[in-house]
Amino acid sequence: IAINNITKGFLENGISVKVITICTNKHPFQKEKIHKKFLSQTKMEAVFVDTEINIVDAFSSLVTSDSYNISRFFSPDFDRLLRLTLEENTYDIVHLESLFMTPYLGTIKRFSKAKIVLRSHNLEYMIWERLANSTTNKAKKVYLKILAKQLKQYETNVINDVDGIAAITDEDGDKYQKLGCNKPIITVPFGIEVNQFKTESNNSTIDLFHIGSMDWKPNLEGIAWFGESVWPKIQEVFPNLKFNLAGRNMPDWLLKTNWKNIINNGEVLSAKDFISSHSIMVVPLLSAGGMRIKIIEGMALERVIISTSIGAEGIDYQDRENILIADKKSDFIKQLTWLFEDTSRIKKIGVNARKLVESKYNNDIINEQLVQFYQSL
């Protein structure tokens, strides 16, 4: 979603764009589902890369100190396409969407004089540090800490190999500087086309919901914690409250849980329709980094968001003004109690959330800032 919105923004600003992308088993390149005009405008090409976890490679990386999180995204075939693309055309900017594209820096520098910008969605090593800190399995904790250390070393080394960084949050920009980054940094948050998010509610019942990809470790960790530790406490106080789950790649263990009053919808056809048909979005993240797209979309649809501080990172929020923050089990109870003491607060917070998105996370404004940053380089 973020890549798509930025690419559209470039085109709308009159920039000539070429998109090359890896595709994987998890994220296939479904050309038939992409608008023909968009394909033509971006001259989009894709190369399949097998990013599935290989146990031998994963453990050998512990010996070599290479970051397996990064190295499994390198493909000779993609590198070849990149080289041909750079040899055939002259570019002003090469925009790398995420840290996982940085293994191709050497090729870019050999075959292009373009300025290289890293679009950073988060500091990857921090996700794994937080996962390591939150797990109780000692062997897993040791392994995750090693992965985090390798990733941190890689990120520290690579941030000065690019010409600029477009961080998604101010916090991430500050952290890059603390890691020793001496290149220009701009904060360009995730944006949406606000006018595509209509605010009619399809539901009069007050309930909770969560939507997100369930093959992403922080989501799984957060939902497991919420379902096992937080939800039973909420049910004690609000026994009739229901919690709706949705997301692609829902694991079997989550489909088979018998948590009371939790409805698992699996993958839904329309995220917007699902969000609009429920009242209060729960974002119980404990180990993520960067910025949550679904929170911005939920705010644009005037939903109340109850999130941990980590989940709401990067968003210029005010607690009990345009979002509710809950980091502990007791916080969720307090925030829900506060809402139900005066249910008009649900509408008020939703309206304020929409106003925040309109003023700070409108795609038109954000893309103009990114283009200006490119020009400055």
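As the structure is a prediction and not an experimental result, all values here were calculated from the model. (Residues numbered from 1 in each chain as written. Predicted model: local features only at pLDDT ≥ 70, side-chain atom pairs only at ≥ 80, totals over all residues. Heavy atoms only, no water.)

Below, the discussion takes up the overall build of the chain. When its secondary structure is counted, the chain shows 16 helices and 12 strands. Here the chain has a C-alpha radius of gyration of 21 Å; the compact-globule value for 377 residues is 21 Å, and the two agree. By its C-alpha atoms, the chain is 65 × 50 × 40 Å across when sized along the principal axes. The proportion of buried residues among the 377 residues of the chain is 51%. Partitioning the intrachain contacts of the chain with sequence separation of at least 6 by distance along the chain shows that 67% fall at a separation of at least 24. Of the accessible surface of the chain, which amounts to about 18,500 Å², a share of 49% is contributed by carbon and sulfur atoms. Each charge sign in the chain was given a centre, from 47 positive and 45 negative side chains, and these centres are 2 Å apart. (Helix = DSSP H or I, 4+ residues; strand = E, 2+ residues; numbered from the N terminus. Rg over C-alpha atoms; globule rule 2.2 N^0.38 Å. Buried < 20%, exposed > 50% of the residue type's maximum accessible area, 1.4 Å probe, protein only. Contact = heavy atoms within 4.5 Å. Areas by Shrake-Rupley, 256 points an atom, 1.4 Å probe, with all protein chains shown as cover. Lys, Arg positive; Asp, Glu negative; His and termini not counted. Charge placed at Lys NZ, Arg CZ, Asp CG, Glu CD.)

The next point concerns the packing of aromatic side chains. What the rule picks out here adds up to 11 aromatic pairs. Taken together, a centroid distance of 5.8 Å and an interplanar angle of 85° make the contact between F209 and F274 edge-to-face. Linking F209 in strand β7 (residues 208-211) with F274 in helix α12 (residues 271-276), this pair joins segments that are 65 residues apart in sequence. This pair shows no difference in class: F209 is buried, exactly as F274 is. One aromatic cluster in this structure is built from W225, F226, W231, F243 and F332. (Phe/Tyr/Trp six-rings, centres within 6.5 Å; stacked < 30°, edge-to-face > 60°.)

A few words now on the nonpolar core. Core analysis: the largest hydrophobic core is formed by 40 residues, its most contacted members being F78, L96, I108, W128, I165 and Y176. It is helix α7 (residues 124-134) that contributes the most residues to this core, 6 residues altogether. When residues no more than four places from it in sequence are discounted, the contact partners of I108 are L82, L86, V94, L96 and I116. (Core = buried A, V, L, I, M, F, W, Y, C linked by side-chain atoms within 4.5 Å.)

Moving on: the sheet that holds strand β4 (residues 115-120). Strand order across the open sheet formed by 4 strands is β3-β4-β5-β6, with parallel pairing between neighbours. On the outer flanks of this sheet lie β3 (93-97) and β6 (185-187), each paired with one strand and no other. Strand-to-strand twist of the sheet, defined as the mean angle between neighbouring strand axes without regard to direction, takes the value 20°. (Pairing = 2+ DSSP bridges. Axes fitted to C-alpha atoms, helices over the stretch in contact; angles between N-to-C directions.)

Turning our attention to the pairing of strand β10 (residues 280-283). Going residue by residue along β10, you find I280 and V282 tucked away on one face and M281 and V283 tucked away on the opposite face as well. Relative to β10, β7 is paired through 2 bridges, and the arrangement is parallel. Note that in β10 the partner of F209 across the bridge is M281. Pairing analysis gives 4 bridges linking β10 to strand β11 (residues 304-307), with the strands arranged parallel. Of the residues in β11, the one forming a bridge with M281 is I305.

Time to look at the sheet that holds β11. Adjacent strands of a sheet pair through backbone hydrogen bonds, lying either parallel or antiparallel. Taken in spatial order, the 6 strands make up an open sheet running β9-β8-β7-β10-β11-β12, and their pairing is parallel. Since the sheet does not close on itself, it has two edges, and those belong to β9 (262-264) and β12 (324-325), each with one partner. Taken together, the 3 bridges between strand β8 (residues 243-246) and β9 define a ladder with parallel strand orientation. Paired with L245 across the strands is N264, a residue of β9. The strands that helix α10 (residues 217-237) touches are β7, β8, β9 and β10; relative to β7, the one it contacts most, it runs at about 170°.

What follows deals with the pattern of salt bridges. Overall, the coordinates contain 10 salt bridges when judged by the stated rule. A salt bridge links K8 to E193; the nearest nitrogen and oxygen atoms lie 3.9 Å apart. Of this pair, K8 sits in helix α1 (residues 2-12) while E193 sits in the loop between β6 and β7, and the two are 185 residues apart along the sequence. The partly exposed category is assigned to K8, whose relative accessible area is 29%. (Salt bridge = Lys/Arg side-chain N within 4 Å of Asp/Glu carboxyl O.)

Not every positive phi belongs to a glycine, and N261 is a case in point at roughly 60°. Here N261 shows up in the loop between α11 (252-255) and β9. Residue E302 is not a glycine yet carries a positive backbone phi of 60°. With respect to the helices and strands, the residue E302 is situated in the loop between α13 (293-300) and β11.

Everything listed is a geometric property; what it means functionally is a separate question.
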